[in-house]
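# Coordinates in review
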Amino acid sequence: MSYSISSSKLLEAMDTKARTSTKRHTVRRPALRAKVGAQAGTAKSRANELKAAAQESAIDRRRLGLQSKTIRIEFKPSEIFHATAFDRVSMIRTRLPAAVVPGLVRQMDISKERLYAVLRFPRATVDRKIRVKGTLSTDQSERLLGLARLIGQLEEMVAQSGAAEGFDASRWVGEWLERPLPALGGAKPAEYMDTMEGQELISRLLAQAQSGAYA
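Here the structure is a predicted model, which is why all the values come from computation and not from measurement.

### With respect to the overall build of the protein chain
Of the regular secondary structure elements, the protein chain holds nine helices and zero strands. Helices and strands in the protein chain line up, N terminus first, as α-α-α-α-α-α-α-α-α. Burial status across the protein chain gives 33% buried among its 215 residues. Taking the contacts inside the protein chain whose residues are at least 6 apart along the sequence as the reference set, 65% of them involve residues at least 24 apart.

Listed below in structure tokens is the structure:
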């Protein structure tokens, strides 16, 4: 048995379906517009937040001597040492540019591999971040900033002694970290630089050794 539909009935059915589809889309369109508008508003708000954070980060970086127009970026340890805790926390949260790693290596006159070992940085990950001009993680930023602050602490100690001329605090710290110390039971200060508690311990130890130990 076969069935046939006249052309007039077929056209009528198609017209009914078209009207139904148009009505459905008409009903949904205001809701869709509202959804798209909300998403656009959220995206704009997020973009403004990121812009504000970037501006704040740039201000903090300039204040702490980390802003540079060239790829060669170097720390100013004394400024980091004298910075407020709020400034340092802000730098950690916004994360340091990976390009500061080679700069600190040059300042301390140590190998990059040794710096990675001291701070327990994953070599492949940090090398990639340096290549792509990325940023360190917050943990890595905190450890690196702690090391720079230790150098700044020594610079301040030497300046107070009046014997700062010709003294290279960065290189001295690079060497001192590798010296076994009786106060650490024969361990090296470098073995404690991968945690913040360890860095605080080494900072106190350095302060106690102020009298003539670095001359």
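### Details of the pattern of salt bridges
According to the stated counting rule, one finds seven salt bridges in the structure shown. Linking Arg-120 and Asp-194 is a salt bridge whose minimum nitrogen-to-oxygen distance equals 2.8 Å. In this pair, Arg-120 is assigned in the loop between helix 5 (112-119) and helix 6 (123-131) and Asp-194 in the loop between helix 8 (169-176) and helix 9 (196-208), connecting sequence segments 74 residues apart. For Arg-120, a relative accessible area of 61% corresponds to the exposed category. A relative accessible area of 16% places Asp-194 in the buried class. Between Asp-168 and Arg-171 there is a salt bridge; the shortest N-O distance is 3.7 Å.

### Some thoughts on the confidence of the model for the protein chain
Detailed reading of the predicted coordinates is not advisable wherever pLDDT falls low. Model confidence for the protein chain is summarised by a mean pLDDT of 78, while 63% of its residues fall at 70 or above. Contacts for the low-pLDDT stretch residues 1-5, under 50 throughout, to residues beyond four places or in other chains number one contact. Overall, residues 67-72 carries pLDDT values under 50, and its contacts beyond four positions in sequence, including any with other chains, amount to seven contacts.

### With respect to the packing of aromatic side chains
Throughout the structure, instances matching the rule amount to two aromatic pairs. Arranged with centres 6.4 Å apart and planes meeting at 40°, the rings of Tyr-116 and Phe-121 form a pair that is tilted. Of the two residues, Tyr-116 and Phe-121, neither departs from the other in class, the shared state being buried. Measuring from ring centre to ring centre gives 5.6 Å for Trp-172 and Trp-176, while their planes differ by 20°; the resulting arrangement is stacked. Here Trp-172 and its partner Trp-176 are both found in helix 8, four residues apart, which amounts to about one turn of the helix. Each of the two residues, Trp-172 as well as Trp-176, counts as buried.

### Points about helix 7 (residues 138-161)
With 24 residues, helix 7 should reach 34 Å at 1.5 Å per residue; the first-to-last C-alpha distance of 35 Å fits that figure. Backbone geometry just downstream of helix 7 places Gly-162 in the positive-phi region, at approximately 80°.

### Details of the environment of Val-89
Looking at where Val-89 falls in the secondary structure, it is placed in helix 3 (residues 85-94). Using a relative accessible area of 37% as the deciding quantity, one classes Val-89 as partly exposed. Once the C-alpha coordinates of Val-89 and Glu-142 are considered, the two residues, 53 residues apart in sequence, prove to be 8.4 Å apart.

### Brief notes about unusual backbone geometry
Phi is positive for Asp-109, close to 60°, though the residue is something other than glycine. By the element assignment, Asp-109 lies in the loop between helix 4 (100-108) and helix 5. Positioned with a positive phi, Arg-120 is a non-glycine residue whose angle comes to about 55°.

Conventions used here
Residues numbered from 1 in each chain as written. Predicted model: local features only at pLDDT ≥ 70, side-chain atom pairs only at ≥ 80, totals over all residues. Heavy atoms only, no water. Helix = DSSP H or I, 4+ residues; strand = E, 2+ residues; numbered from the N terminus. Buried < 20%, exposed > 50% of the residue type's maximum accessible area, 1.4 Å probe, protein only. Contact = heavy atoms within 4.5 Å. Salt bridge = Lys/Arg side-chain N within 4 Å of Asp/Glu carboxyl O. pLDDT = per-residue confidence, 0-100. Phe/Tyr/Trp six-rings, centres within 6.5 Å; stacked < 30°, edge-to-face > 60°. Expected span 1.5 Å × (residues − 1).

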